[in-house]
Every structure is written in C-alpha cells, then in structure tokens.
Amino acid sequence: MTTESTPAIAPSALQSRALRDTLGQFTTGVTVVTTRDAAGQPAGMTVNSFNSVSLEPALVLWSIDKQSLGYDSFTQQEHFAVHVLKADQQHISNLFAGRGADKFGQVHWHAGPDGVPQLEDCAAFFHCRRVQCIDGGDHTILLGEVLEFTANGGEPLVFHRGRYRALAGD
C-alpha cells in the first residue's frame, strides 16, 4: 500500500536496490585503476570489483560499467595498473570516484611501466596487460595479466554496506 507521500517504486527498482544492499554485505578492498586515454592523458577510477583469478599465469580481473566516462580508455588501452589503497587513503578513493576534477593534479604519481600512471604510497601495485574484455551485462570484465607487482603493506581501505570501514584489531 502506498500513500501520497511515499511514491510507488516499480518492483524491478525495489529488487535492484535489495540486490545492491545484499551485495553490500560483502566487504571489499578499495582500489584505483589507472591507464592512459587515447590522447595519452592519465585516466583513473575507484574500483572495488578487483579480484585475483590465477597464479599461473598471473591473472587479475575487475569490472567497469559500460556507461562509465573512462570506459573507452580502459577497454581499448593495452595496459592498466591497479593500486590497492591504504586505510588512510580514503580521500584518494573519493577523488577517483568523482567526476570532472583534475584527479592526477591532486595526488602524487609518476609514469610507471608502459607510461601507465602509478600512484605513490599505496598498499600494493599491479601493472597489467589487458588480455580480454568479457561482456558482463551492464559491465565489462577486464582480465589482465600481471606483469609487475609491488607490496608496500599497511592497513587496507575497506568498504562494507556503503561505507568505509576499519578492520578490527589483531
């Protein structure tokens, strides 16, 4: 039953929201993925769909919304980098999750392998060669071969139920 102050929501919208809330029960790490666009300019976005696939060969994956502003850059460039953020890098996550700002003008970075932007002082870094783009509904799954990696350590930035969270102590 709906009232005038509560608009009716289509069942598909309710189901979509419920699915999103249920998926939010799974805690994820937070990463920033970077590449260069067709003009050679740095491009980057916050991603929490990063996952390992295989150790031999070394493969990782992440997914990008087909409506994302950086979609063409990430699906057409050969190389990308995944940066695992530290707990104190929430500001970087927020910056790369937003639109329109000069993201790279607000962080410390340098051109890494193959010219891919490499953020400094992250918990871990993976330089990858894109080997496959896989259709995944409203997203595309990018499968990458890990060419280089570095682990710097530190407490990770984690996301759960729509918020950043801290890990419980040891």
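Since we're looking at a predicted model, the values are computed, not measured.

Participant: Teacher, can you tell me more about the overall build of the protein here?
Facilitator: Helix and strand counts for the protein come out as 3 helices and 12 strands. With the C-alpha coordinates aligned to their principal axes, the bounding extent of the protein is approximately 60 × 40 × 35 Å. Each of the 170 residues in the protein was classed as buried or not, and the buried ones make up 35%. Across the protein, every contact between residues at least 6 apart in sequence was considered, and the portion connecting residues at least 24 apart equals 62%. Accessible surface, the protein: about 10400 Å² in total, of which carbon and sulfur atoms supply 52%. Of note, the protein has its 12 positive side-chain charges centred 6 Å away from the centre of its 18 negative side-chain charges.

Participant: When you look at the pairing of strand E2 (residues 31–36) in this model, what are you seeing that I'm missing?
Facilitator: Each regular strand carries side chains that alternate between the two faces of the sheet. The element E2 is largely enclosed, with a buried count of 5 among its 6 residues. Here E2 pairs with strand E3 (residues 42–47) via 6 bridges, running antiparallel. Bridging from a neighbouring strand, Arg36 pairs with Pro42 of E3. Between the end of E2 and the start of E3, which pair antiparallel, lie 5 residues, with Gly40 showing a positive phi angle near 90 degrees. Pairing between E2 and strand E6 (residues 79–84): 4 bridges, direction antiparallel. Counted as the bridge partner of Val32 is His83 from E6.

Participant: Just checking my understanding: could you explain the confidence of the model for the protein for this structure?
Facilitator: For the protein, the average pLDDT comes to 91, and 92% of its residues sit at 70 or higher. Note that residues 1–6 has pLDDT below 50 and, in this model, 1 contact with residues that lie over four places away or in other chains.

Participant: How should the layout of surface pockets be read in this particular structure?
Facilitator: Think of a ball as big as a water molecule: rolled over the atoms, this probe shows where empty space is left. Estimated volume of the second largest pocket: approximately 160 Å³. Taken together, Phe50, Asn51, Ser52, Ser54, Leu55, Ala58, Leu59, Val60, Phe126, Val146 and Phe149 make up the full set of residues lining the second largest pocket. No other element matches strand E4 (residues 51–55), which puts 4 residues into the lining of the second largest pocket. The residue makeup of the lining of the second largest pocket, split by class, is 8 nonpolar, 3 polar and no charged.

Participant: Mind showing me how you'd approach helix H3 (residues 90–97) here?
Facilitator: Since the α-helix turns once every 3.6 residues, residues separated by three or four places project in the same direction. Among the residues making up H3, those that are buried are Ile92, Ser93, Leu95 and Phe96. Looking straight down H3, one finds that the buried residues subtend no more than 165 degrees of arc, so they occupy a single side. Of the exposed residues in H3, those oriented more than 90 degrees away from the buried face are His91 and Ala97. Structurally, H3 contributes buried residues whose contacts are with E2, E3, strand E8 (117–119) and strand E12 (163–165).

Conventions used here
Residues numbered from 1 in each chain as written. Predicted model: local features only at pLDDT ≥ 70, side-chain atom pairs only at ≥ 80, totals over all residues. Heavy atoms only, no water. Helix = DSSP H or I, 4+ residues; strand = E, 2+ residues; numbered from the N terminus. Buried < 20%, exposed > 50% of the residue type's maximum accessible area, 1.4 Å probe, protein only. Contact = heavy atoms within 4.5 Å. Areas by Shrake-Rupley, 256 points an atom, 1.4 Å probe, with all protein chains shown as cover. Lys, Arg positive; Asp, Glu negative; His and termini not counted. Charge placed at Lys NZ, Arg CZ, Asp CG, Glu CD. Pairing = 2+ DSSP bridges. pLDDT = per-residue confidence, 0-100. 1 Å grid on protein atoms, 1.4 Å probe; cavity = no way out; pocket = protein on both sides within 12 Å on 5 of 7 lines; lining within 4 Å. Points joined across faces, edges and corners; volume = space filled by probe spheres on them. Nonpolar A, V, L, I, M, F, W, Y, C, P; charged D, E, K, R; others polar. Arc of directions from axis to C-beta.

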